[in-house]
Amino acid sequence: MNVTLLTLGDNVVDRYLEREVLYPGGNAVNVAVHGRRCGAGAAYIGAVGTDLAGRTVLDALVAEGVDTSMLRIVEGPNASADVRVVDGNRVFDHGDPGVSRFVLTPADFAAVAAATIVHTGECSMVEDQLADISAAAPRLSFDFSERPHDYIAEHARLVDIAIRSLPFASVDEAVYEARRIQDLGPSLVAVTMGSGGAVALQGEQVVFAQAPATPVVDTLGAGDAFIGRLLTGLIANTPLTTLLGAATAYASSTCATFGAFGYETSLEGLTAPLNPIHKGVDLS
């Protein structure tokens, strides 16, 4: 596979305790999966644990055709987060990073340099490596989510594509925030506003896309779906005026089902060992 979109960092299983199920997720994993579904050659670098949770993440990536040749399997529990759905909106409770923190190797940096776009984000715990990632990546995307401005100001100078979430903002407020972030260095800034749509700023060009009316069962992962579609379109040089609407509509469509991208798994057997060896995964 020609890897055009490389994501690195977090993976997690989202545990819906009331429903007694879990789903694979995490920003970097979700972006890779949605990028692959939208046509990108996607690869993921991260660490999964030796339990059913880790198996769930790895199996889903393999099933989706995401390149896992650089993924690590690390002895211990996979990262997890407990999720509730309140009026269709996901609410995170307890979370555990498990074995998901890792250090990039020279081979990882070679893969970073070879990709068209590299994506990571505020949940990936790679801030201490971000300068090196930025130096190696032809184009670096970063999800700032709802982090405070001080966090954004510290890291945005290293980023080419910045994504920000302001779920209750007006269009004017989103444009103002996009300009503030653009002034820090990124050449493209996208601000998502939940059901209010999204705004993107590139140079002096400002684009707004309204979110279509769609059934909402669970908003978990909708922002990551937006990013996956956006980055795939940027790789294909799709005009921003067309791309932002496509990314917003794609993200909205994912709200009709539970989980970030499917693969519902029972919570039973969470300590089952991860025995099968997947092609391309080094268990040594």
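One can find the structure itself at the top, above this paragraph.
Not measured: the values here are computed from a predicted model.

Enquirer: Would you take a moment to explain the packing of helix H1 (residues 27–37) against helix H7 (residues 222–235) for this structure?
Expert: Two elements in contact, H1 and H7, have axes whose closest approach is 8 Å; the angle formed by their N-to-C orientations is 50 degrees. By the angle between their directions, the pair H1 and H7 is classed as oblique. Crossing geometry of H1 relative to H7 is assigned as right-handed. Here H1 contributes Asn-27, Asn-30, Val-31, His-34 and Gly-35 to the contact with H7, which in turn contributes Asp-224, Ala-225, Ile-227, Gly-228, Leu-231 and Thr-232. A class-by-class count of the residues in the contact of H1 with H7 yields four nonpolar, six polar and one charged.

Enquirer: In this structure, what is going on with the environment of Met-193? I would like to understand it.
Expert: When you line up the elements, Met-193 lands in the loop between strand E12 (188–192) and strand E13 (198–202). Met-193 sits in the buried class, given a relative accessible area of 2%. Sequence separation between Met-193 and Ser-170 is 23 residues; the distance between their C-alpha atoms is 7.7 Å. In this view, Met-193 contacts Leu-166, Pro-167, Ala-169, Ser-170, Val-171, Ala-174, Ala-198, Val-199 and Phe-208; residues no more than four positions away in its chain are not counted.

Enquirer: When you look at unusual backbone geometry in this model, what are you seeing that I'm missing?
Expert: Trans peptide bonds make up the majority, and among non-glycine residues the majority have a negative phi. Phi angles above zero are rare outside glycine, and Glu-20 is one such case at about 60 degrees. The topology assignment puts Glu-20 in the loop between strand E2 (12–16) and strand E3 (21–25). Under the relative-accessibility criterion, Glu-20 is labelled exposed at 54%. Of note in the backbone geometry, Tyr-263 takes a positive phi value of approximately 65 degrees without being a glycine. The exposure class of Tyr-263 is partly exposed, given its relative accessible area of 32%.

Enquirer: Could you clarify how one ought to interpret the sheet that holds E13 in this entry?
Expert: Strands pair in a sheet through their backbones, by hydrogen bonds, and they do so in one of two ways: parallel or antiparallel. Taken in spatial order, the eight strands line up as E4-E1-E9-E10-E11-E12-E13-E14 in an open sheet, and their pairing is mixed. Edge positions in the open sheet fall to strand E4 (42–45) and strand E14 (205–209), since each of these has one partner strand only. Each adjacent strand pair in this sheet contributes to an overall mean axis angle of 15 degrees, direction not counted. Pairing of strand E9 (residues 117–121) with strand E10 (residues 140–145), which is carried by four bridges, proceeds in the parallel orientation. Note that in E10 the partner of Val-118 across the bridge is Leu-140.

Enquirer: What is the right way to read the state of the cysteines from this model?
Expert: Covalent bonding between the sulfur atoms of two cysteines is what defines a disulfide. Applying the stated criterion across every chain, the model contains zero disulfides. Cysteine Cys-123 is unpaired, with the sulfur of Cys-255 as its nearest cysteine sulfur at 18 Å. Among the residues examined, Cys-123 registers a relative accessible area of 42% and is labelled partly exposed. Cys-255 forms no disulfide, and the closest cysteine sulfur to it belongs to Cys-38, at a distance of 14 Å. A relative accessible area of 8% places Cys-255 in the buried class.

Thresholds applied
Residues numbered from 1 in each chain as written. Predicted model: local features only at pLDDT ≥ 70, side-chain atom pairs only at ≥ 80, totals over all residues. Heavy atoms only, no water. Axes fitted to C-alpha atoms, helices over the stretch in contact; angles between N-to-C directions. Helix = DSSP H or I, 4+ residues; strand = E, 2+ residues; numbered from the N terminus. Parallel < 35°, antiparallel > 145°, perpendicular 65-115°, else oblique. Left-handed = near helix turned anticlockwise from the far one by under 90°. Contact = heavy atoms within 4.5 Å. Nonpolar A, V, L, I, M, F, W, Y, C, P; charged D, E, K, R; others polar. Buried < 20%, exposed > 50% of the residue type's maximum accessible area, 1.4 Å probe, protein only. Pairing = 2+ DSSP bridges. Disulfide = S-S within 2.5 Å.

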